[in-house]
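# Structural description and commentary
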Amino acid sequence: MTSAPDSLPDDIAALKALVLSERAARLGAEAEAQLRAIEIETLKLQIAKLRRERYAPSSENAARLEQLELALADLEETASERATAAEVAAQAVSDVPVRAFTRQKPARRPLPEHLPRERVVYPAPAACPCCGGTLRKLGEDVTETLEHVPARWKVIQHVREKFSCRACEAIAQPPAPSHPIARGRAGPGLLAQVLFSKYGAHLPLNRQSAIYAREGIDLDVSTLADWVGAAAATLMPLVEAVRAHIFTAARIHADDTPVPVLAKGKTRTGRLWTYVRDDRPFAGCDPPAAAFFYSPDRGGAHAERHLTGWAGLMQADAYAGFGRLYEAGRKPGPVTEAACWAHARRKLFELAQLSKAPIAIEAVRRIDVLFAIEREINGTTIATRRSVRQERSKPLIDDLRTWLHEQRTKLSAKNELAKAIDYSLKRWPALTRFLDDGRLCLSNNAAERALRGIAVGRNNWTFAGSDTGAERAAAIYTLIETAKLNDIDPRAWLADVLARIQDHPAKRIAELLPWNWKTQNRAAA
């Protein structure tokens, strides 16, 4: 609290000390207020996450969580900055009493055990600082800090010594080692880094080139592009093996997303398609995988080409281009449609959020109960999932259909809510197919998750340079996303595969697939 003018000291030094004291107190109060704001935002984030776990995971909830996390990070940075400023100000007037302020710090998690430890031992005094007596060690206090070592470049010299026979003068020399790519002098680790940075971290080649230049390595964009193209060609057998694995499944997820493609000075919209195999929701033993394909447009003929020779259950949105796949006379057999409840819910959720329509709010609530049941049985057997659905979900589904029909009669055909209800009612057989088949999921979120990285990448690389470039992107996305689905580091896997693939028998290419590579590494460890 500011003192009255009559009570202020006349001495300049005392006045300066008083000003610094006031400043330290103000900064401490601001830091404390910031801490309260952080606590509020933290609670909001926790509530949002709990709601997301309780209700259906969807893109609009994910966007809200990302916004809250960004706001929370910003608040924590500001609080730390102000708390540090308050401490500095308090130190400047250490002889003036200032109310202490201690900012609550987040609970520290232990640092990863698998990281190497580097000991820095500080020299102890040789004799007792008090009496000069001999010291003996009682123990030690160890404080661990996490450190980052910048990328380290090196040149590997592949030396092939020559020998000559003294008897016959014949020359002997070991054969030349194979390289990941026929041309270029990039090692497998560098190639993996460039590929993952471009397609996994969404860092265009021009930005990579600038980063490497700052580290003292001049790699122009044309060189990096040459490496990417050559590495993609080298890895194509793996891409084809992943795709073949997916299309041996009896059930897949399918979706697509737009990608801008450069064409004669302007951009046009192509499509990236994904097909995901993930049997984990029903305790399947086969490994998960995701395949990507590119097409210059969204014509249904592209999906037909991708799925030539495949028949089974396909979880997808209501894209009309899939229509011919569902025809009874299709060879080798019809694809059975399983519609996505997340899409049906999303149309109602938008109306519930924007217009606060009571019917939409109630519909979303009813659908969310279905998603809650699904979370309880996720990862259980096919029989268990079907049994629980018949007992608990089917009555809710029947009631929901009756209720939707009743509400629909109250609305005009042009009403947006009527259109949202019609979307579900017109696809009711496909939406309710999950009740009788434990292999099916309630939503197509597996495919949407696979496409999420591409949506993020569009903001960085803006467009693909050509149709060929987009096809190459689809191939590398296939490898990176499949590695992630199998919980392995894409860079480590790509580096090892690129080092081995040239000498690996083509008939045993399956040994290099992510799930088999993971098993081999565990056995070696």
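Presented here is a report on the structure given in the accompanying data block.

Conventions we followed
Residues numbered from 1 in each chain as written. Predicted model: local features only at pLDDT ≥ 70, side-chain atom pairs only at ≥ 80, totals over all residues. Heavy atoms only, no water. Helix = DSSP H or I, 4+ residues; strand = E, 2+ residues; numbered from the N terminus. Buried < 20%, exposed > 50% of the residue type's maximum accessible area, 1.4 Å probe, protein only. Contact = heavy atoms within 4.5 Å. Areas by Shrake-Rupley, 256 points an atom, 1.4 Å probe, with all protein chains shown as cover. Axes fitted to C-alpha atoms, helices over the stretch in contact; angles between N-to-C directions. Parallel < 35°, antiparallel > 145°, perpendicular 65-115°, else oblique. Left-handed = near helix turned anticlockwise from the far one by under 90°. Nonpolar A, V, L, I, M, F, W, Y, C, P; charged D, E, K, R; others polar. Pairing = 2+ DSSP bridges. Core = buried A, V, L, I, M, F, W, Y, C linked by side-chain atoms within 4.5 Å. Salt bridge = Lys/Arg side-chain N within 4 Å of Asp/Glu carboxyl O.

What follows concerns the overall build of the protein. Per the secondary structure count, the protein includes 15 helices and seven strands. Counting only residues that meet the buried cut, the protein has 40% of its 525 residues in that class. Considering only contacts in the protein between residues 6 or more positions apart, those separated by 24 or more positions represent 65%. Summing over all exposed atoms, the protein offers an accessible surface of approximately 31000 Å²; the carbon and sulfur share of this is 54%.

This next bit is on the packing of helix 5 (residues 221–246) against helix 13 (residues 467–485). Here helix 5 crosses helix 13 at 60 degrees, and the two axes come no closer than 9 Å. Looking at the two axes, helix 5 sits oblique to helix 13. Helix 13 is crossed by helix 5, and the crossing has left-handed handedness. Along its contact with helix 5, which presents Val228, Gly229, Ala232, Leu235, Met236, Leu238, Val239, Val242 and Arg243, the element helix 13 presents Arg472, Ala474, Ala475, Ile476, Thr478, Leu479 and Thr482. Residues that form the contact of helix 5 with helix 13 fall into these classes: eleven nonpolar, three polar and two charged.

When you tally the buried positions in strand 5 (residues 289–295), you get seven out of seven residues, the bulk of the element. By the alternation rule, side chains of strand 5 split into Ala289, Ala291, Phe293 and Ser295 and Ala290, Phe292 and Tyr294, which are all buried. By the bridge criterion, seven bridges tie strand 4 (residues 266–277) to strand 5 in an arrangement that is antiparallel. Paired with Thr274 across the two strands is Phe292, which belongs to strand 5.

Time to look at the nonpolar core. Counting residues in each nonpolar core, the largest one holds 75 residues, and the members touching the most others are Leu235, Leu238, Tyr275, Met314, Phe322 and Trp493. Sorting elements by how many residues they give to this core places helix 5 first, with twelve residues. With sequence-adjacent residues up to four places away left out, Met314 is seen in contact with Ile252, Ala254, Leu307, Phe322, Leu325, Tyr326, Val335, Thr336, Glu337 and Ala338. In terms of nonpolar packing, the next biggest core, distinct from the first, is built from 37 residues, Ala339, Leu351, Ala357 and Ala360 among them.

Turning to the sheet that holds strand 4, a few remarks are in order. If you walk across this open sheet you meet the five strands as 5-4-3-6-7, and the pairing is mixed. The open sheet has two edge strands with one neighbour each: strand 5 and strand 7 (336–339). Sheet twist, expressed as the mean angle between neighbouring strand axes with direction ignored, is 30 degrees. Contacting strand 3 (251–263), strand 4 and strand 5, helix 5 runs over the sheet at an angle of about 110 degrees to strand 5. Running over the sheet, helix 13 touches strand 3, strand 4 and strand 5 and is turned about 170 degrees from strand 5.

The next point concerns the pattern of salt bridges. Within this structure, the stated rule accounts for 25 salt bridges. Across the pair Glu304 and Arg324 runs a salt bridge whose closest N-O atoms are separated by 3.6 Å. With a gap of 20 residues between them, Glu304 in helix 6 (residues 300–306) and Arg324 in the loop between strand 6 (313–316) and strand 7 connect regions that are remote in the sequence. Between Lys419 and Glu416 there is a salt bridge; the shortest N-O distance is 3.4 Å. Of the two residues, Lys419 and Glu416 both sit in helix 10 (residues 416–425), three residues apart, roughly one turn of that helix. Relative accessible area serves as the criterion here: at 44%, Lys419 is assigned to the partly exposed category. With relative accessibility at 48%, the residue Glu416 sits in the partly exposed group.

Quick look at unusual backbone geometry now. Put simply, Lys331 and Pro332 share a cis peptide bond, and its omega is 5 degrees. Its location among the elements puts Pro332 in the loop between strand 6 and strand 7. For Ala283, which is not glycine, the phi torsion reads 60 degrees and is therefore positive. As for its placement among the helices and strands, Ala283 is situated in the loop between strand 4 and strand 5.

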